Amino acid sequence: MHGGIRRSQYNEVAEAIFLTQGFVYNTAEQAEARFLETGPDEFIYARYGNPTVAMFEERIALLEGAEDAFATASGMAAVNGAVTSMLKAGDHVVSAKALFGSCLYILEEILTRYGVEVTFVDGTDLDQWKAAIREDTKAVFFETVSNPTLEVIDLKAVADLAHAVGALVVVDNVFATPVYSKALENGADVIVYSTTKHIDGQGRCLGGVILGSKEFIRGTVEPYMKHTGGSMSPFNAWVMLKGLETIDLRVRAQSASAQAIAEALVGHDKLARVIYPGLEGHAQHAIAIEQMGQGGTVLSLDLKGGQEAAFRFLNALQIAVISNNLGDAKSIVTHPATTTHQRLPEEQKVHLGITPGLVRFSVGIEDTGDLIADVKQALDAV
Ligand SMILES: *Cc1c(COP(=O)(O)O)cnc(C)c1O
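Along each chain, residue indices are assigned from 1 in the same order as the chain's sequence is written. Local features in a predicted model are, by the rule used here, given only for residues with pLDDT of at least 70; side-chain atom pairs are given and counted only at 80 or more, and totals for whole chains, interfaces and linings are based on all residues. Here the side-chain values reflect all heavy atoms present in the structure, with hydrogen atoms and water set aside.

Visitor: Describe empty space enclosed by the protein, and please don't skip the residues or the numbers.
Guide: Any residue with an atom within 4 Å of a point lines the site, the site being either a cavity, points on a 1 Å grid over the protein atoms alone where a 1.4 Å probe fits but cannot get out, or a pocket, an open set with protein on both sides within 12 Å along at least 5 of 7 lines. Grid points are joined across faces, edges and corners, and a volume is the space filled by probe spheres set on the points. Taken as a whole and assessed by the stated rule, the structure comprises two cavities of 30 Å³ or more. If you add up the space inside the largest cavity, you get close to 60 Å³. Residue lining of the largest cavity: Thr144, Val145, Leu155, Asn173, Ala176, Ser181, Lys182, Ala183, Asn186, Gln291 and Met292, and that is the complete set. Only Asp, Glu, Lys and Arg are considered charged in this grouping, and only Ala, Val, Leu, Ile, Met, Phe, Trp, Tyr, Cys and Pro are considered nonpolar; every other residue, Gly among them, is considered polar. In terms of residue class, the lining of the largest cavity is made up of five nonpolar, five polar and one charged. Roughly 50 Å³ of internal volume is contained in the second largest cavity. In terms of lining, the second largest cavity is formed by Val145, Leu150, Phe175, His198, Pro277, Met292, Gly295, Gly296, Thr297 and Val298. Here the lining of the second largest cavity is composed, by residue class, of six nonpolar, four polar and no charged. For the domains described, the bounds stem from an automatic or database domain assignment. Inspection of the lining of the second largest cavity shows a minimum of three residues originating in each of domain 1 (28-242) and domain 2 (247-380).

Visitor: Describe the packing of helix α2 (residues 51-64) against helix α9 (residues 234-265), naming the residues involved and giving the relevant values.
Guide: Between two packed helices, both the angle of their axes relative to each other and the distance between the axes serve to describe the pair. For every element, the axis is a line fit to its C-alpha atoms; helices are fit only across the contacting stretch, and the angle between N-to-C directions ranges from 0 to 180 degrees. Only DSSP runs of H or I covering at least 4 residues are called helices, and only runs of E covering at least 2 are called strands; the numbering of each starts at the N terminus. Where α2 meets α9, the axes come as close as 8 Å, and the angle between the chain directions of the two elements is 30°. Between α2 and α9, the angle falls in the class roughly parallel. Between α2 and α9 lies a crossing of left-handed hand. Contact residues: Thr52, Val53, Met55, Phe56, Arg59, Ile60 and Leu63 in α2; Pro234, Ala237, Trp238, Met240, Leu241, Leu244, Glu245 and Ile247 in α9. Here the word oblique covers every angle except those under 35 degrees (roughly parallel), over 145 (roughly antiparallel) and from 65 to 115 (roughly perpendicular). Crossings are classed by handedness, with left-handed meaning an anticlockwise turn of the near helix from the far one by less than a right angle and right-handed meaning a clockwise turn. Every residue pair with non-hydrogen atoms within 4.5 Å of one another is taken to be in contact.

Visitor: Describe the layout of surface pockets, and please don't skip the residues or the numbers.
Guide: In this model, the largest pocket occupies a volume close to 880 Å³. For the largest pocket, the lining is made up of 34 residues, of which Asp41, Glu42, Tyr48, Arg218 and Glu222 are closest to its centre. Of all the secondary-structure elements, those providing two or more residues to the lining of the largest pocket are α1 (28-35), α2, β1 (68-72) and α8 (214-228). Among the elements that make up the lining of the largest pocket, the one with the highest residue count is α2 (six residues). Approximately 330 Å³ is the volume found for the second largest pocket. Taken together, 21 residues make up the lining of the second largest pocket; nearest its centre are Phe100, Ser194, Thr196, Lys197 and Asn325. Elements with a minimum of two residues in the lining of the second largest pocket: α3 (75-84) and β6 (190-194).

The values reported here are purely geometric and, on their own, carry no functional implication.
So this is what it looks like as structure tokens:
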């Protein structure tokens, strides 16, 4: 709530929005001093840093328990910045294959174009990680909970394998959220969030953040980000700061609701599967509880009737809106096969478990009973 605040001379309660690209120097000598590498750590230009952005960075670092953070323009700017800033041609990376579409694009299309070798594994299979990680592996990358199939990866076990060869563990931690994250104590070196999701939590702004050691954030990430232009706007940082004030209340309520909805739907005759890490029947239930304490704010439903059934279900819902964000205070439903993962070839979709009947349900803060009743009436309409 209070961490990282920088009050102006007016002693305002709510954080100020410093909507300025630059900062005035009192003298030419002061300007010269500030540009020196060894100069005072004060603001120069908003692409390098800004007081409102710095407040957000400090607050999220405190919440995550990380030494430092760099805020970015979007979650993808954070994923790209985290991996591209540390890698060079000839390096080797091992990545889970079940990834958010744009993360997959960076690992599969961009890094390889610049001479980085990437090996993809089934993230839930430790033997595949063991076989793929080599003496010269520089980094491993995975989503701690994958989007949209909600596979949970054993962070501690993968981190042990990576650290044995000196590789950095980079995790996209969106589904765990900073509320439930124990990523650092479980062995992650670098944590990335799309702050567009639970951190804003009300669907207003894009944003991202990279968290890690001071040395990594200021020595590796900052030079890359400040010269390539993916910094967060001060206005968006202010929205994210406000989001951090309520994230704990929202995410706990959303997770409790998601658990109740999942339990109410298990065994429903219109559903082939209810996928939710908080259910005992989930393949990585024990890991999810160990890593996050609960199952998260998102569940996925696989309808028996394929795409036609999924579309009828989506169109019959009266509370959840059809969109593609997640972590929002409003419940949001997505049909990944025809939207977020549309570009993937059919066989890759099947391989990743993105079936025609799959619906991703991001649970909001509406009344739990109303949400369950709505889902049930929409299933009746199928
Ligand atoms: C949404 C999302 C991203 C991308 O974030 P943007 O803010 O949309 O750029 C990356 N990873 C995961 C797991 C996501 O859900």
